Amino acid sequence: MVWNAVNDPLFGYLQDNSRVPCCSQRRLSILYGAPLYSLAFLLAWFPWRSYAPGDWLSGLQLMVALCAFDGMLTFVLLAQCALFAEISGHHQSRLRLIKYNQVASLIGSSSVLFCGLLSRNMEDFATFQGFTVVIAALACGCMLYTGFHSESRFDGKSSAPPSPGSDDQATSQSSLSLSSVTSMMQQILTNRDFQLFVLMNFCQVFMVAFFNNFTMIFADHLIPPNVLPPLAKSFMYGAGFICPQILVLSSQNLLHSLGYYKIILFTFYIEAGMAVVMLALGPYHYHILAFFLTTNMVIIQAAFSLFNLPLADIIDSDLQKYKRSSPLSSMVFGTNALFTKPAQSLAPMLVVSILNQFGYEDLKEAANNSNSSALESLHGVMFYLVCVVPMCVSALQVLAWKPFSIRNSHTVDTKYIDG
């Protein structure tokens, strides 16, 4: 957890301030990071030896695999996110990148289905290992293509001397000094729009983790099998991972005309409104509850897919405000991740803690011998969590997002210069 928290701002600072090309140039970070990232992905799926229960080496392998994968994921992903902001400053070009990203995500999501079919849900582990090698090779090939052919607007400016009066000039002689780190972090953290975005994004990450981890649990407990069979629940859960990409792809015209600010704000109103209606209807309208759970998953994930757009605008604003020769793209993305990643762990910890107070762990172990009154009480708590959490969190997101000032970037492309 310590490494997971530290590596985002660390790699972000290195990529924005290092003089080493493999760090300072986004495409080279992806190019050189791609093979290591793919190997790190494979580390977990190939045991170092035949393990017996309690073997210490299995724990060591898990720790090494997690640290290596998280480190390479952060390094490559920060470069990719920074490249998103730096390929073009035009809103229309960034929307096109979002579209390509969603198509790739849609294709990537289908790999889970094929993996389950080929390996019989990992019962055939050798086939599963072969599938992971194929996925790693394909992913590496795609990243290498990006590394060879992509280009940032600022690649030619990274080695240029800082312009007079810019904040870069003050830190050019000691780009890796503690004072420059403190100065740049302060400039990022005191940006009002960045503060508002991080608060809103923290809530969104919390909601994504909440629904990804508990939708199936809530559906199994709150919707009887005779109303919605297991196969239908599986389709319902799968829709939460496929439909968001389809929704984003079908909303391109709205993004062009309304901009991301209004669309994201509108999703918060929808989430809160649906939660109020569901709470008023009660837990026994099972088909409406299934629709509510699925729609929430889709809307929350779809809105989350747009969050690189406001971050890119924050980076542009910071670049202009401080007259930098090149943007602090990786630092902004890394600092955002530093504050929002804890929400991924907070959501399951908090929800499980609440459920366990109402006997969730005991009832899970008791299975069919569980007390009916205790089970009814647990189901009541689950239903209130399903309704109250989205209602409260989306209300907080509205309060955080409404003061966000960069609202019209979709109408002012002329302010960007892609020279």
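Structural notes, computed from the coordinates.

Calculation notes
Residues numbered from 1 in each chain as written. Predicted model: local features only at pLDDT ≥ 70, side-chain atom pairs only at ≥ 80, totals over all residues. Heavy atoms only, no water. Helix = DSSP H or I, 4+ residues; strand = E, 2+ residues; numbered from the N terminus. Polar contact = N/O pair within 3.5 Å; in protein donor to acceptor, adjacent residues only side chain to side chain. Contact = heavy atoms within 4.5 Å. Expected span 1.5 Å × (residues − 1). Bend = angle between axes of the 7 residues up to and from the residue. Patch = residues over 30% accessible without salt bridge, like charges linked within 9 Å, V, L, I, M, F, W, Y side chains within 5 Å. Areas by Shrake-Rupley, 256 points an atom, 1.4 Å probe, with all protein chains shown as cover. Salt bridge = Lys/Arg side-chain N within 4 Å of Asp/Glu carboxyl O. Axes fitted to C-alpha atoms, helices over the stretch in contact; angles between N-to-C directions. Parallel < 35°, antiparallel > 145°, perpendicular 65-115°, else oblique. Left-handed = near helix turned anticlockwise from the far one by under 90°. Nonpolar A, V, L, I, M, F, W, Y, C, P; charged D, E, K, R; others polar. Buried < 20%, exposed > 50% of the residue type's maximum accessible area, 1.4 Å probe, protein only.

### Some words on the side chain of Gln-15
By the element assignment, Gln-15 lies in helix H1 (residues 2–17). A distance of 3.4 Å separates the side chain of Gln-15 from the backbone nitrogen of Ala-79, its partner in a polar contact. Ignoring any residue separated from it by four or fewer positions in sequence, one finds Gln-15 in contact with Cys-23, Ser-24, Arg-26, Ser-29, Phe-75, Leu-78, Ala-79 and Ser-330.

### Points about helix H9 (residues 192–222)
The end-to-end C-alpha distance of H9, which contains 31 residues, comes to 42 Å, matching closely the 45 Å that a straight helix rising 1.5 Å per residue would cover. Along H9, the sharpest change in direction is near 50° and occurs at Phe-214. Regarding H9, its N-cap is Asn-191, as a side-chain oxygen of that residue lies 3.0 Å from the backbone nitrogen of Asp-193 further along.

### Things to note about a nonpolar patch on the surface
A surface patch of nonpolar side chains, about 520 Å² in accessible area, is lined by Trp-48, Trp-56, Leu-60, Met-63 and Val-64. In this fold, Val-64 is placed in helix H4 (residues 56–87).

### Overview of the packing of helix H12 (residues 260–281) against helix H18 (residues 372–401)
Where H12 contacts H18, the axes come no closer than 8 Å and their chain directions differ by 150°. The pairing of H12 with H18 is recorded here as roughly antiparallel in orientation. Seen along the crossing, H12 lies across H18 with a hand that is left-handed. Along its contact with H12, which presents Tyr-260, Tyr-261, Ile-264, Leu-265, Phe-268, Tyr-269, Glu-271, Ala-272, Ala-275, Val-276, Met-278 and Leu-279, the element H18 presents Phe-383, Tyr-384, Cys-387, Pro-390, Met-391, Ser-394, Gln-397, Val-398 and Trp-401. Looking at side-chain class alone, the contact of H12 with H18 contains 18 nonpolar, two polar and one charged residues.

### A short note on the packing of helix H14 (residues 308–321) against helix H15 (residues 329–340)
Interaxial distance between H14 and H15 falls to 10 Å at its minimum, and their mutual angle equals 130°. In terms of orientation, H14 and H15 fall into the oblique class. For the crossing formed where H14 meets H15, the hand is right-handed. Between H14, through Asn-308, Leu-311 and Ile-315, and H15, the contact on the second element is made entirely by Ser-329, Val-332, Phe-333 and Asn-336. For the contact of H14 with H15, a count of residues per class yields four nonpolar, three polar and no charged.

### With respect to the pattern of salt bridges
One pass over the structure, following the stated rule, counts 10 salt bridges. The salt bridge partner of Arg-49 is Asp-55, with a shortest N-O separation of 2.9 Å. For Arg-49, a relative accessible area of 40% translates into the label partly exposed. Residue Asp-316 is joined to Arg-94 by a salt bridge in which the shortest nitrogen-to-oxygen separation is 2.9 Å. Here the residue Asp-316 occupies a position in helix H14, and Arg-94 occupies one in helix H5 (residues 91–118), the gap between them amounting to 222 residues.

### Focus on unusual backbone geometry
Positive phi is not limited to glycine here, since Lys-323 has a value of about 50°. Counting through the fold element by element, Lys-323 comes out in the loop between H14 and H15. Exposure remark for Lys-323: the relative accessible area of 55% places this residue in the exposed category.

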